[in-house]
Structures are given as C-alpha cells and as structure tokens.
2 protein chains.
Amino acid sequence: MSGTSDHWDRRIGRRVTLRDLHVLLAVVQWGSMAKAATHLSVSQPAISKAVADLERAVGARLLDRSPSGITPTPFGSVLVKRGLAVFDELRQGINELEFLADPTTGEVRIGCPESIAAGLLPAVVERFTRQYPKMVLRVAQAQTVTSEFNELRERTVDLMIGRIARPFTEEGLSAEILFEEPLYIVAGAQSRWAKRRKLTLAELAGERWILTPPNEVLSSPVAAAFHAQGLEPPHATVVSFSFHLRNHLLANTDFISLIPASMLRLFNARQTVLKALPVDTKFEPLPVGIVTRKNQQPSPEAQLFIDCARSMVDTIITTPEFTKSATHKTAG
Amino acid sequence: MSGTSDHWDRRIGRRVTLRDLHVLLAVVQWGSMAKAATHLSVSQPAISKAVADLERAVGARLLDRSPSGITPTPFGSVLVKRGLAVFDELRQGINELEFLADPTTGEVRIGCPESIAAGLLPAVVERFTRQYPKMVLRVAQAQTVTSEFNELRERTVDLMIGRIARPFTEEGLSAEILFEEPLYIVAGAQSRWAKRRKLTLAELAGERWILTPPNEVLSSPVAAAFHAQGLEPPHATVVSFSFHLRNHLLANTDFISLIPASMLRLFNARQTVLKALPVDTKFEPLPVGIVTRKNQQPSPEAQLFIDCARSMVDTIITTPEFTKSATHKTAG
DNA sequence: GCCTGACATAACCGAAACCTTATAGCGTTA
DNA sequence: TAACGCTATAAGGTTTCGGTTATGTCAGGC
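Residues numbered from 1 in each chain as written. Chains lettered and ligands numbered in written order. Predicted model: local features only at pLDDT ≥ 70, side-chain atom pairs only at ≥ 80, totals over all residues. Heavy atoms only, no water.

Undergrad: In this structure, what is going on with the packing of aromatic side chains? I would like to understand it.
TA: All names here are of chain B. Here the structure, examined in full by the defined rule, presents eight aromatic pairs over all chains. Between the aromatic rings of Phe 128 and Tyr 132, the centroid separation amounts to 5.0 Å while the plane-to-plane angle is 50°, which identifies the pairing as tilted. Of the two residues examined, Phe 128 and Tyr 132, each falls in the buried class. Note on Trp 209 and Phe 226: the rings are 5.7 Å apart at their centroids and 80° apart in plane angle, and the pair reads as edge-to-face. Linking Trp 209 in strand β8 (residues 209-211) with Phe 226 in helix α9 (residues 220-228), this pair joins segments that are 17 residues apart in sequence. Looking at Phe 226, the relative accessible area reads 1%, which means it is buried. (Phe/Tyr/Trp six-rings, centres within 6.5 Å; stacked < 30°, edge-to-face > 60°. Buried < 20%, exposed > 50% of the residue type's maximum accessible area, 1.4 Å probe, protein only. Helix = DSSP H or I, 4+ residues; strand = E, 2+ residues; numbered from the N terminus.)

Undergrad: Could you clarify how one ought to interpret the sheet that holds strand β3 (residues 106-112) of chain A in this entry?
TA: Consider a sheet: its strands pair through backbone hydrogen bonds, and that pairing is either parallel or antiparallel. All names here are of chain A. Across the sheet, which stays open at both edges, the five strands sit in the order β4-β3-β5-β12-β6 with mixed pairing between neighbours. Every interior strand has two partners, whereas the edge strands, β4 (135-141) and β6 (173-181), have only one. Strand-to-strand twist across the sheet, computed as the mean angle between neighbouring axes with direction ignored, equals 25°. Here β6 pairs with strand β12 (residues 286-293) via eight bridges, running antiparallel. Note on β12: the bridge partner recorded for Glu 181 is Leu 286. Across the face of the sheet, helix α7 (residues 120-131) comes into contact with β3, β4, β5 (159-163), β6 and β12 while running at roughly 165° to β4. (Pairing = 2+ DSSP bridges. Axes fitted to C-alpha atoms, helices over the stretch in contact; angles between N-to-C directions. Contact = heavy atoms within 4.5 Å.)

Undergrad: How should I be thinking about helix α4 (residues 44-58) of chain A in this particular structure?
TA: Count 3.6 residues to each turn of an α-helix, and residues three or four apart come out pointing the same way. Relative to the 21 Å expected for 15 residues at 1.5 Å per residue, α4 of chain A spans 22 Å between its end C-alpha atoms, a close match to the ideal helical length. Following α4 of chain A by one or two positions, Gly 59 of chain A has its phi on the positive side, about 70°. (Expected span 1.5 Å × (residues − 1).)

Undergrad: What is the right way to look at the sheet that holds strand β10 (residues 256-260) of chain B in this model?
TA: All names here are of chain B. On the basis of which strands lie adjacent, the open sheet formed by five strands has the order β9-β8-β10-β7-β11 and mixed pairing. Edge positions in the open sheet fall to β9 (236-239) and β11 (274-276), since each of these has one partner strand only. Averaged over all pairs of adjacent strands, the angle between their axes in this sheet comes to 40°, without regard to strand direction. Sheet analysis places β8 next to β10, joined by two bridges and oriented parallel. Its bridge partner lying in β10, Trp 209 is registered against Ile 256. Of the strands in this sheet, β7 (183-188), β8 and β10 touch α9, which is tilted by about 130° from β8.

Undergrad: What exactly am I supposed to notice about the protein's contact with DNA strand D here?
TA: Contacts to DNA strand D come from 18 residues, most closely from Arg 19 and Ser 43 of chain A together with Ala 34, Ser 48 and Arg 65 of chain B. The sugar-phosphate portion of DNA strand D accounts for 65% of its atoms within 4 Å of the protein, the bases making up the rest. Between DNA strand D and Met 33 of chain B, the relevant distance is 2.9 Å, taken from a phosphate oxygen to a main-chain nitrogen or oxygen of the residue. Between a phosphate oxygen of DNA strand D and a side-chain N or O atom of Ser 48 of chain B, the distance comes to 2.7 Å. When contributions to the surface near DNA strand D are tallied by element, the ones reaching two or more residues are α4 of chain A together with α3 (33-40), α4 (44-58) and β2 (69-72) of chain B. Residues belonging to the surface near DNA strand D are distributed by class as follows: nine nonpolar, five polar and four charged. (Near = heavy atom within 4 Å. Polar contact = N/O pair within 3.5 Å; in protein donor to acceptor, adjacent residues only side chain to side chain. Nonpolar A, V, L, I, M, F, W, Y, C, P; charged D, E, K, R; others polar.)

Undergrad: Quick question: what am I supposed to make of the interface of chain B and chain A here?
TA: Interfaces are frequently sized by the accessible area removed from exposure as the parts join. If you look at the interface, chain B gives 42 residues, while chain A gives 42 residues. Summed over both sides, the interface of chain B with chain A buries roughly 4000 Å², with 67% coming from carbon and sulfur. In this assembly, chain B and chain A are joined by six salt bridges. For Arg 82 of chain B, the salt bridge identified is with Glu 96 of chain A, shortest N-O distance 2.5 Å. For the interface between chain B and chain A, the tally reads six residue pairs in polar contact (both at pLDDT 80 or more). Residue assignment for the side of chain B that touches chain A shows that the elements contributing at least two residues are α1 (2-13), α2 (18-30) and α5 (74-101) of chain B. (Buried area = accessible area lost by both parts, 1.4 Å probe. Salt bridge = Lys/Arg side-chain N within 4 Å of Asp/Glu carboxyl O.)

Undergrad: How should I be thinking about the protein's contact with DNA strand C in this particular structure?
TA: DNA strand C sits among 16 residues. The nearest are Ser 48, Arg 65 and Pro 67 of chain A together with Arg 19 and Ser 43 of chain B. The contact atoms of DNA strand C, taken as those within 4 Å of the protein, divide so that sugar and phosphate hold 68%. One of the backbone N or O atoms of Met 33 of chain A is found 3.0 Å from a phosphate oxygen in DNA strand C. In this structure, a base nitrogen belonging to DNA strand C sits 3.2 Å away from a side-chain N or O atom of Gln 44 of chain A.

Undergrad: I'm lost on the confidence of the model for chain A in this one. Help?
TA: Note: predicted coordinates in regions of low pLDDT should not be interpreted at a detailed level. Residue and element names in this part refer to chain A. In the predicted model, chain A carries a mean pLDDT of 81, and 88% of its residues have values of at least 70. Predicted confidence is poor over residues 1-5, with pLDDT under 50, and the contacts of this stretch with residues over four places away or in other chains come to five contacts. Scored below 50 in pLDDT, residues 325-332 shows 19 contacts in the model against residues more than four places distant or in partner chains. (pLDDT = per-residue confidence, 0-100.)

Undergrad: Whenever I open this one, the nonpolar core confuses me. Can you help?
TA: When a protein is soluble and globular, its nonpolar side chains tend to lie buried together. Within the largest apolar cluster, 56 residues are counted, with the highest numbers of intra-cluster contacts made by Val 27, Leu 63 and Leu 79 of chain A together with Val 27, Leu 63 and Leu 79 of chain B. Not counting chain neighbours up to four residues away, the residues in contact with Val 27 of chain A comprise Ser 32, Met 33, Ala 36, Ile 47, Val 51, Leu 63 and Ile 70 of chain A. (Core = buried A, V, L, I, M, F, W, Y, C linked by side-chain atoms within 4.5 Å.)

Undergrad: What is the right way to look at the pattern of salt bridges in this model?
TA: Oppositely charged side chains may form a pair once their charged atoms are brought near each other. The tally for this structure, following the rule as stated, stands at 35 salt bridges over all chains. One salt bridge in this structure joins Arg 196 of chain A and Glu 203 of chain A, with 2.7 Å as the shortest N-O distance. Where Arg 91 of chain B meets Asp 88 of chain B, a salt bridge forms, and the shortest distance between an N and an O atom there is 3.3 Å. In this pair, Arg 91 of chain B and Asp 88 of chain B both sit in helix α5, three residues apart, roughly one turn of the helix. Assessed through its relative accessible area of 5%, Asp 88 of chain B is described here as buried.

As structure tokens, then:
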C-alpha cells in the first residue's frame, strides 16, 4: 500500500475533498446547480466553483451543462456512485462508533411491504425492542417490492424484509430466506364455499378473486396453480395490495383470495371471520426473507436485528397455520 | 436520505476530513505519530493536531498514547477500518474514471502462490495482455496462502488466484472455483518406481517425500489419502513450496511428491523427466479459483481479468493431464 | 430580436486549515 | 537521576478554502 499511496494520495487525496463530492451529489440529486445552491443554502457560484474544482481534480468533465440544468456524464455518474459509497462508509463508521460507545443505542431502518409490517414484523419488533430498549426502529412501508429495492439500493433503509422471489436475482442485493410461509385460499366464514369439506381448484375458477397486481411475488402462485391444472388463471375482480381491504371484502362478500399464513392468523384471531378452503391443490410456500445490500456488510444494529429476526423463525413456523400447511385443512 | 443528510452532514461531514483520516491511517500504520510524521514529511505536532482534531470531531478517543508509541483504541480500529474503505472507494472511483476514459488502460494487481504463477497464470496473462495490450498486470507472489489473504484484505491486491480450501470460510472474502485440478503422485523418470505398471499407496509409505508445510492446501490430500487406507502419513524428508526445488529433486533423486496437473505439464513438457505414478488411489482434485473481497465489487479491470480467466477454463481442462485424471494412467 | 433561466468568471474577503519552531510533560531506561 | 523518546501545547505565519456580490455568456421561448 505504501508504495503507491504516497504518490496517489498527493495527486488525488489532496485535491478531491469531501465537500466537493457532497456538492456534486447534491447537484446531481436536484438536477441543477441553482437548485442545489438553494438547498445547501449557499450562492450559485459557490456550487459552480466546487464542481469546477472537482472536475479539475479528477481531470474529467462530470456534468453536461444545459440551459435547463445539468445531467451527469458517465464520469459524473461513476463519481456519484462512488461518492455515495464514500459517504455511506463514513456514516457507517461514525454510526459504528456510537454503537461502540453504547451498544444498546442505535437505529435500524427497515423497509417492508404491508403484509410483513402487519404480520411478521410486529413479533420481531416486539422482541427486538424489549431486548434493546434504546434502539430506534424506522419502518418504511412501500407499495411495491420494486420501489422497496430501490430504497435499499439508495441506502435509505438498512435492510428489507419481505416475500422474495426465487431465484433471487436483484442486482447488487442479496437475500437470506428466513422461512417458507404456506399460502391459503381463503373465503369469508359466511361464504358458501366455507361449508364444503373438500373442493377443487376448478370449482373456484369462475369465482370473484382478489389478487395482487401481476409481476408481484404474491400473484404468481395463483396463476401457476391454475396453469398446472390446465385452467385459465381466474379473472381478478379486485386488484390490490391492501390486506385490510381484502380482509373486509372476504369477510363480508363472496370474494376469494390467496393469503399467506401470517395474514390469516392475524385477521382471523378468533377464527370466525375467514376460512381457509380445503382445496386439493398444492401451493408452493412463499419464501420470506431479509434482503440486504451485497458488497456491504450491514451496520452492527442491523445485524442485531437480523439475528433477532432469525432467532424468531422457530417460534413462528410452529404456529398452527404453518404446520398445517401440508394437509390443507381448514384453519378456522 | 435528504432527511437526515442535512443534519448529519453538517455535524460530521464538515468536521471529519479526508486528511485527518489519512493521518490517522498513517499513524496506526507506522505505530507512532513521530514515525508517521517523518513518513508524511511533516512535523510531529501537525500529526498530533490532526489526530486531536479527528478525535474531537467524532467525540471519541481513537489512540492510546504511550511512551513507546500509540495503539488504536477500539474506536480507532473501527475508524481505521472505515477509513481504509473510504480511501479505497475513492481510489476505485478515480480508477474507474481512468478506465472509462480509456477502457484499454488500467492495472490489475494479482496475488498468487508460485504454483499458479508458474502454471496457470502465464496462460491467462498471455491472453489477457494480448486482448488488452495497455493494461498493466502486477503479480505479487506470496509464500503462504495466509499472507496472501491478508494482502487481499488490506487491498494490496485486487484478487487472488490459487488453490482454495473447500469449504471456503475466509472471513470477508469470497471465492469462485474456476476448475478442479487433478493431483498426481510423481517420481523422476529414472526412479525405480517409474517402471512399475501398477502400485499401491502402501508401497510408497516408506519413501522419501517432498511435501508442502502442514496447514497448506496442498499438504492435506496426501495425509488424507494415507489416512483413508489406514496408513500413517509419510514422513516428509523435504518440506518446501518451491516447485523448482521439487522438480529438481524429483528429476535427479528418488524423491516422491504430489503435484498438480498444471505443474506436471509445465515441468514435464517433453515427458522425459517426471513420471506420474500409476497409484491405485483416488485423490480429490484440488479446486483452483479466484478469491476476491466480499462486500465489494472488483474494479472493472479486475473484472475483465476474471472474465478472461474464466473463459480460459475450457481450454485448460481439456489438456491431457486434466482429462486423464480419473484413470490415473501415467502421464509420461 | 429581446428577455429569461442557468451556468461561468472575476474580484475580493474572512476564517480556518495547515504548517512551522519552540517548549513542556512524562514514562522508560541506562 | 539524567537522558531519551514520544506526545501535547503554544505562538505565529501562509495558504487556501469557502463564501460573497457583480457581471458575463449562452441557448431557447415569446
């Protein structure tokens, strides 16, 4: 290291400053120097100069200037990427220092879809906060898994917890499967299907279904199951992510839906509202897992949280809804 | 990001400077402020002040001062670790810029043991340099795999290529197996064993063996093979990494050794010097692979090199020494 | 052709950053 | 106990950094 470091350090380390990098990030983020200037509460020339300095330092044009603002050149994009990493590394560093000073303090930023936030997460959060009372948990909910992943990539959240597709092929992210969650075809307890002791998927083909939007993890099992029996996937009468909406519709009308075990347990605590239908079809259980950034180890607090979540898997998968998954008996 | 960034940036980003970080790294590296001062060509108080500034900025004692120098506190160690990452990120950034400016230029720093440097590497290097003539390859040889891994961890090299133990459990590193290399028990062509058409491992137990030091990847297969037959591992008369030494001893005396296929091919081009003995024992082939830092993607040049190495696997494993591995015929 | 929005340049200024030399404190060691 | 090695502090000087206001340049919309 020492061999090249001296030379390199003098050429770059002294010229590239954190401030310049930060200005670059702001400019790219806001799309124009003027906007960045107002957001950083400095004058526009200051920004202009900082960017110019940086460009001189690295010897490459970083931004394309136009009358309507700026767009980063490929060079700029690269430096933005690295700049984000640099600042994140720093942030993680001082974060780690604070954690070292008081290992019970810290902050974990979690991203998750509604289904997890309502089902699994509370259990984990409860244990975690009891174990580390001074720890702060920030939970960001997201409508779609895609935007969730972007938040993870942009380092707005430390980890994501949710149902993950398999194989998991998101660029730059890595997933750890916590457990497999059974899926149930569910109708309201008052539904005419609820009384049946046995029924086939084909019988349900014409029903009114509540599904999630296509391309989402939860929507494919239904289509796959129907397809496996040579049936057309059912027509979705309602398409929504909201489990509350679903639950309400199921409980009060004749809708049918596919919901994960944890949701069934949550909404059906007294087991009088919903009923898992004894359909003769096998659904691939849905993997639930934790997604983190590849190429970067999580903060110590995040690691604690992950460990906590992992340690809860056993208690989760021994609940009735999980163990009964293979037999597809009614859960009501 | 913007939510916390403003606040955070003002508190830390403005106080922690790259220079201070760099000073900290140097001080820790050299073990004392005075030494760091001379190495950085500044006066000692400058160093002292920089460290004090940094400590004030992060609000934690980073170094334990003693009359004989300094040792980093846990806080210091953490910040050193992050500091290294920060500088590496920066270096990678400008490196990427240069690569972007001229994708044929660049530098790949490779670490590997002698066996690879002599056997596999030349082939890869030849293709790689032909493909990217302006690329600079730095090859650092290491005696032991352990020190090799340290170089990788310290970011002195971009990647390591060598025989890797399986399972691969090095903390913070990840390995990709390129191919499996057969192992041969070899003696000199003049050896009395060379004339035999068939022989057992037990017959060789009393011979004079050349082995690598214990705990190294290459030494265990021999011990394992003997152990599998209920035999005591042979006594190593010569213990060395040097393949040249080995080859010389094998060719001129009655030594016996275990060498990988690529070495056999290299030293036995005309097939008159060494002879692979037709022993009735199966050796687990040794995986050869590329080790990189986990949690960090390699530089674009390094990626090119890895791709190149990967693409050469096919041509390598179709050479006679490789394909014959299962039958254990003589290779001479 | 004339505004307008957006960035670049110039001139200038204060604060801080960074360096130096000199000196003091303080364990270790001869 | 004196010398030595290492670090901290003080005092003082340059440099440069980060910022301002004022002004220039340039492309496009009306």
